[in-house]
Amino acid sequence: MVQISPDGISARPHLPACTRRALSLVTAGVLALAGVVSLAGPAEAVGTLGNAAAAKGRYFGTAVAAHHLGEAQYASTLDAQFDSVTPENEMKWDAIESTRNSFNYSSADQIVNRARSKGMKVRGHTLVWHSQLPGWVGGLGTADLRTAMNNHITQVMTHYKGKIDSWDVVNEAYQDGSSGARRSSPFQDKLGNGFIEEAFRTARAVDAGAKLCYNDYNTDGQNAKSNAVYAMVKDFKQRGVPIDCVGFQSHFNSNSPVPSDYRANLQRFADLGVDVQITELDIEGSGSSQAASYSSVVNACLAVTRCTGITVWGVTDKYSWRSSGTPLLFDGNYNKKPAYDAVLTALGGSTGGGSGSCTATYTQTATWNGGFNGQVTIKAGGSAISSWTVPVTVTSPQKVSATWNGSPTWDTSGNVMTVKPSGNGYLAAGASTSFGFTVNTNGNTSTPAVGSCTAS
Ligand code: G3I
């Protein structure tokens, strides 16, 4: 049983400020529900990625590079905003076992120990991968390679036993494109299809407390590659091969945007009985379009009960593996980008501008004998909003015959439609969008009454 001290939080002094705040909210909520205390004053704003995600039962993490931890702004942004970390390169085979049987954990330890001292989760990335693999591995014969693979998994997982939330046991084992085939690698080519199963079985035997994930990219929507991974996971679950989670890297740009079936794809994997995690999220772009894409990813995760967390692939654009695409939530000066506001808003947090607001403004854009077109422009106030609704009332016997860029719901009179976004409703602070509609006047040319915009 968790002991709760008088302030409800000091029983866990090792937790970071953001986690303690989230805990205090949860604790206060539990106590209030039990009738033990009543909350005085306004509820505390949920104002960081980590604690907003925690309030939704998820973690929000970032990839971390050990050699940036000494930079004050890097460290303070990491500590303030995130509650999970993934070493970006420090746990890869070439970093830990560049020479056979000689294990160097120093950089990875630096990240793991620091994160754990601040109450953050750690994702282990990655045990078996064709890339960043030292040359000696590829030179081994079949039996020796099997020994080396199982030894690497065993040594590394033993070193970190009890400290890792989820391990990417096998990374990127499938080809891109339409084949659905496995990628050529020393493991695939010499050990055959069974190498993935063997890696997972070995991993489970070492640390039964860590969640074991398969992680890949270009598997974010339903396609030949994700279908192949799906078939593997289904087979593993049916045969009792130990797998707990599937990681969806989610590296997006204009050539590879967030797929329209992203949520459905996460859900079909979850329905196999595994957790799903968004493991390396970054989206090239800027401004409100980048923000809207980030928002859709967060909303997809929140819509899937078994989507347990999101990790972005870096703290700041300047250290991203594709920095020219400015794909992250903080710019090179650690300023929060619109994408940051979008993520926090989607997580239900507050960006500090108070609760979101919006305005709705009507204009008539065309008129003809017997009808007219109206347009309503929605503008977000001083903070980003996730979505909006606007009521529009026409006067009988007028009839609305068409709407566009908005999705109407009608009241029973048939005169009042409440319009919400057709797709993603995210608007950055001060940003605008519009929807339109056609009215058949049936002899009445009154101007429609546009009610106030409600933000959420
Ligand atoms: O550390 C050396 C440095 O000493 C040297 O001077 C420098 C010269 O190029 O290279 C440095 O190593 C680089 C390393 O990143 C650390 O910065 C490597 O060249 C470079 O290849 C390596 O890139 C990493 C890449 O994986 C390797 O495949 C990226 O940082 C890392 O973000 C990226 O992460 C991968 C995930 O693990 C798997 N999914 C895709 C994702 C993006 O590619």
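Here's a quick rundown of the structure.

Cut-offs applied
- Residues numbered from 1 in each chain as written.
- Predicted model: local features only at pLDDT ≥ 70, side-chain atom pairs only at ≥ 80, totals over all residues.
- Heavy atoms only, no water.
- Salt bridge = Lys/Arg side-chain N within 4 Å of Asp/Glu carboxyl O.
- Buried < 20%, exposed > 50% of the residue type's maximum accessible area, 1.4 Å probe, protein only.
- Phe/Tyr/Trp six-rings, centres within 6.5 Å; stacked < 30°, edge-to-face > 60°.
- Lys NZ or Arg CZ within 6 Å of the ring centre and 35° of its normal.
- Near = heavy atom within 4 Å.
- Polar contact = N/O pair within 3.5 Å; in protein donor to acceptor, adjacent residues only side chain to side chain.
- Areas by Shrake-Rupley, 256 points an atom, 1.4 Å probe, with all protein chains shown as cover.
- Nonpolar A, V, L, I, M, F, W, Y, C, P; charged D, E, K, R; others polar.
- Disulfide = S-S within 2.5 Å.
- Helix = DSSP H or I, 4+ residues; strand = E, 2+ residues; numbered from the N terminus.
- Axes fitted to C-alpha atoms, helices over the stretch in contact; angles between N-to-C directions.
- Parallel < 35°, antiparallel > 145°, perpendicular 65-115°, else oblique.
- Left-handed = near helix turned anticlockwise from the far one by under 90°.
- Contact = heavy atoms within 4.5 Å.
- Pairing = 2+ DSSP bridges.
- Right-handed = clockwise from strand over helix to strand, strands pointing away.

## Regarding the pattern of salt bridges
If charged atoms from side chains of opposite charge come close, those side chains can pair. For the coordinates displayed, the defined rule picks out 18 salt bridges. The partner of aspartate 216 in a salt bridge is lysine 225, and the shortest N-O contact between them spans 3.3 Å. Taking the relative accessible area as the measure of exposure, aspartate 216 reaches 0% and is therefore buried. On the accessibility criterion, lysine 225 (2% relative accessible area) is buried. One continuous salt-bridge network, built from bridges that share partners, spans Glu197, Arg201, Asp235 and Arg239.

## So, the packing of aromatic side chains
Counting across every chain of the model gives 16 aromatic pairs. One aromatic cluster in this structure is built from Trp93, Trp136, Phe187 and Phe195. We note lysine 225 situated over the ring of tyrosine 217; from NZ or CZ to the ring centre the distance is 3.6 Å. A cation sits over an aromatic face here: arginine 268 above tyrosine 230, 4.7 Å from the ring centre.

## Observations regarding the site of the ligand
The ligand sits among 14 residues. The nearest are Glu88, Lys92, His125, Glu172 and Glu280. The side chain of histidine 125 places a nitrogen or oxygen atom 2.7 Å from an oxygen atom of the ligand. Glutamate 280 places a polar side-chain atom, nitrogen or oxygen, 2.7 Å from a nitrogen atom of the ligand. Out of a free accessible area of 790 Å², the ligand has 46% covered by protein chains. Classifying every residue of the shell around the ligand by side-chain character gives three nonpolar, seven polar and four charged.

## Let's talk about the state of the cysteines
One pass over the full model with this rule turns up three disulfides. Linked covalently through their sulfurs, cysteine 301 and cysteine 307 form a disulfide whose S-S length is 2.1 Å. Torsion about the S-S bond of the cysteine 301 and cysteine 307 cystine: about -100°, corresponding to left-handed handedness. Both residues of the pair, cysteine 301 and cysteine 307, belong to the buried class. Note that cysteine 358 is cross-linked by a disulfide to cysteine 453, the S-S spacing being 2.1 Å. In this structure the cystine formed by cysteine 358 and cysteine 453 twists about its S-S bond by roughly -95°; its chirality is therefore left-handed. Of this pair, cysteine 358 sits in strand E10 (residues 358-368) while cysteine 453 sits in the loop between strand E17 (449-450) and strand E18 (454-455); the two residues are 95 residues apart in sequence, bridging distant segments of the chain. Judged on exposure class, the residue cysteine 358 and its partner cysteine 453 are both buried.

## Considering the packing of helix H10 (residues 224-239) against helix H11 (residues 262-270)
Across the interface, H10 lies against H11 with an axial gap of 10 Å and an inter-helix angle of 20°. Relative to H11, H10 is oriented roughly parallel. Here H10 runs over H11; the crossing is right-handed. Two secondary-structure elements touch here, H10 through Ser226, Asn227, Val229, Tyr230 and Val233 and H11 through Asn265, Arg268 and Phe269. For the contact of H10 with H11, the residue count by class is four nonpolar, three polar and one charged.

## Overview of the side chain of serine 166
When you line up the elements, serine 166 lands in strand E4 (residues 166-171). With a relative accessible area of 0%, serine 166 lands in the buried category. A distance of 3.0 Å separates a polar atom in the side chain of serine 166 from a polar atom in the side chain of aspartate 165.

## Side note on the environment of leucine 140
Here leucine 140 lies in the loop between helix H6 (135-138) and helix H7 (142-159). Given a relative accessible area of 11%, leucine 140 falls into the buried group. In the structure, leucine 140 is positioned 50 residues away from lysine 190 in sequence and 9.2 Å away in space, judged by C-alpha atoms. Contacts of leucine 140, omitting those with residues within four sequence positions, involve Arg100, Leu145, Ala148 and Lys190.

## Digging into the pairing of strand E9 (residues 307-312)
The buried fraction of E9 is high, at five of six residues. Here strand E1 (residues 59-64) runs beside E9; their pairing, made up of four bridges, is parallel. Note on E9: the bridge partner recorded for threonine 62 is valine 312. Sheet topology note: the strand E8 (residues 275-283)/E9 ladder contains four bridges and is parallel. Residue pairing across strands places valine 276 opposite cysteine 307, the latter belonging to E9. The parallel pair E8 and E9 is bridged by helix H12 (residues 287-303), and the resulting crossover is right-handed.

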